[in-house]
Amino acid sequence: MAEGPTHSLARLGNELVNQAAQYARLMRLDKPVGTWLLLWPTLWGLWIAGAGRPEPVNFLVFVAGVFVMRSAGCVINDFADRHIDGDVARTRSRPLAAGLVTPAEALTLFAVLGLVALALLMLLNPLARLLAIGAAVLTLVYPFSKRWLAAPQFLLGAAFGWGIPMAFAAELEAVPRLAWLLWLDVVVWAVIYDTMYAMADRDEDLRIGLKSTAILFGTADLFIIFLLQVVLVIGLLLAGREAGLGLWYQAGVAVGALLLASHLWQIRGREPEACLQAFRANQHFGAAIFAGILLDYTFRSVG
């Protein structure tokens, strides 16, 4: 019996919904931790550059931009890794690796997200738009760097922290030394949490020839992560001093330091699932620092 128009439309609707779900997975909408790891440092920069009162338009543009750029980064990352994700147990179910989305569809989605990001940039000043070129380059280069760079996590950190100089440019039409100090702090932080992430895949990355700081650091990984955590805390305290932030901010950094210590304890056995859990928990560190910034400016204004 021939299929009726109602059934045809229903089947088409189901196919569209299923395909949209695969695009959402490709953009990691089901795994928001990466969005938080990108959003928190951007908000640090916005609040400090705006002295606790960032411009509403800038706030909306940067929050939307974080969502769009993180999604675009995930799409191009999976496009770059489409031939190797199938060889890794944790990633073989990703839409591109599983054949649920074609490479052409992924590139089209990436282009659409890029156009949305470009539209958002038009709402910012020329200096912020100029700095956005750096963000675009980092987003494109990082996914492919895992094949030739021994420590691709530094490129990831550069990309995840790039919202800070852009935020200062948008608020102040300048990028002072403080902005670059905060950016360096984020680079260090990203190396910390992405090394934890890479520790979960270290054996398989070695097998297929990918590079990471987890491989580079070897058996010294825990000690080096500890040293980087110390550098991060000191760097954040220096940034707070440069910004004139007080006790509330210092309390946020102290809470963050305790969280970092708990992450290090969690990965002491180098068990893959524990490393992934510690990686995800880093979003709470970012939240603690932002809470300190927010409270410092809030109670300063009240006083």
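Our subject in this report is the structure included herewith. (Residues numbered from 1 in each chain as written. Predicted model: local features only at pLDDT ≥ 70, side-chain atom pairs only at ≥ 80, totals over all residues. Heavy atoms only, no water.)

1. What about unusual backbone geometry?
Okay, so step 1: Phi is positive for Arg 28, which is not a glycine, with a value near 60 degrees.
Okay, so step 2: By relative accessible area, Arg 28 is classed as buried at 10%.
Okay, so step 3: Positive phi, normally seen in glycine, also occurs at Arg 270, with a value near 55 degrees.
Okay, so step 4: Residue position: Arg 270 is located in the loop between helix H12 (247-266) and helix H13 (272-302).
Okay, so step 5: Residue classification places Arg 270 among the partly exposed residues on the basis of a relative accessible area of 33%. (Buried < 20%, exposed > 50% of the residue type's maximum accessible area, 1.4 Å probe, protein only. Helix = DSSP H or I, 4+ residues; strand = E, 2+ residues; numbered from the N terminus.)

2. Describing the side chain of Arg 70
Okay, so step 1: Tracing the backbone shows Arg 70 in helix H3 (residues 56-80).
Okay, so step 2: For the buried Arg 70, no salt bridge is present, and the opposite-charge side chain at shortest range is Asp 30, 6.7 Å distant.
Okay, so step 3: Once you skip the residues sitting within four places of it in the chain, Arg 70 turns out to touch Met 27, Arg 28, Lys 31, Pro 32, Gly 34, Thr 35 and Leu 38. (Lys, Arg positive; Asp, Glu negative; His and termini not counted. Salt bridge = Lys/Arg side-chain N within 4 Å of Asp/Glu carboxyl O. Contact = heavy atoms within 4.5 Å.)

3. Some thoughts on the packing of helix H11 (residues 221-243) against H12
Okay, so step 1: As a packed pair, H11 and H12 sit with axes 10 Å apart at the nearest point and diverge in direction by 175 degrees. In terms of orientation, H11 and H12 fall into the roughly antiparallel class. Contacts between H11 and H12 involve Leu 222, Ile 225, Phe 226, Gln 229, Leu 232, Val 233, Leu 236, Leu 237 and Gly 240 from the first element and Tyr 249, Gln 250, Val 253, Ala 257, Leu 260 and Leu 264 from the second.
Okay, so step 2: When the residues that make up the contact of H11 with H12 are grouped by side-chain class, the tally is twelve nonpolar, three polar and no charged. (Axes fitted to C-alpha atoms, helices over the stretch in contact; angles between N-to-C directions. Parallel < 35°, antiparallel > 145°, perpendicular 65-115°, else oblique. Nonpolar A, V, L, I, M, F, W, Y, C, P; charged D, E, K, R; others polar.)

4. Brief notes about the packing of helix H5 (residues 126-145) against helix H7 (residues 163-172)
Okay, so step 1: Where H5 meets H7, the axes come as close as 8 Å, and the angle between the chain directions of the two elements is 170 degrees. One element, H5, and the other, H7, form an angle in the roughly antiparallel class. Between H5, through Leu 127, Ala 128, Leu 131, Ala 132 and Ala 135, and H7, the contact on the second element is made entirely by Pro 165, Met 166, Ala 169 and Ala 170.
Okay, so step 2: The residue makeup of the contact of H5 with H7, split by class, is nine nonpolar, no polar and no charged.

5. Notes on a nonpolar patch on the surface
Okay, so step 1: There is a patch of nonpolar side chains on the surface, built from Leu 130, Ile 133, Val 137, Leu 140, Val 141, Phe 144 and Trp 148 and spanning about 660 Å² of accessible area.
Okay, so step 2: Looking at the element boundaries, Leu 130 is found in helix H5. (Patch = residues over 30% accessible without salt bridge, like charges linked within 9 Å, V, L, I, M, F, W, Y side chains within 5 Å. Areas by Shrake-Rupley, 256 points an atom, 1.4 Å probe, with all protein chains shown as cover.)

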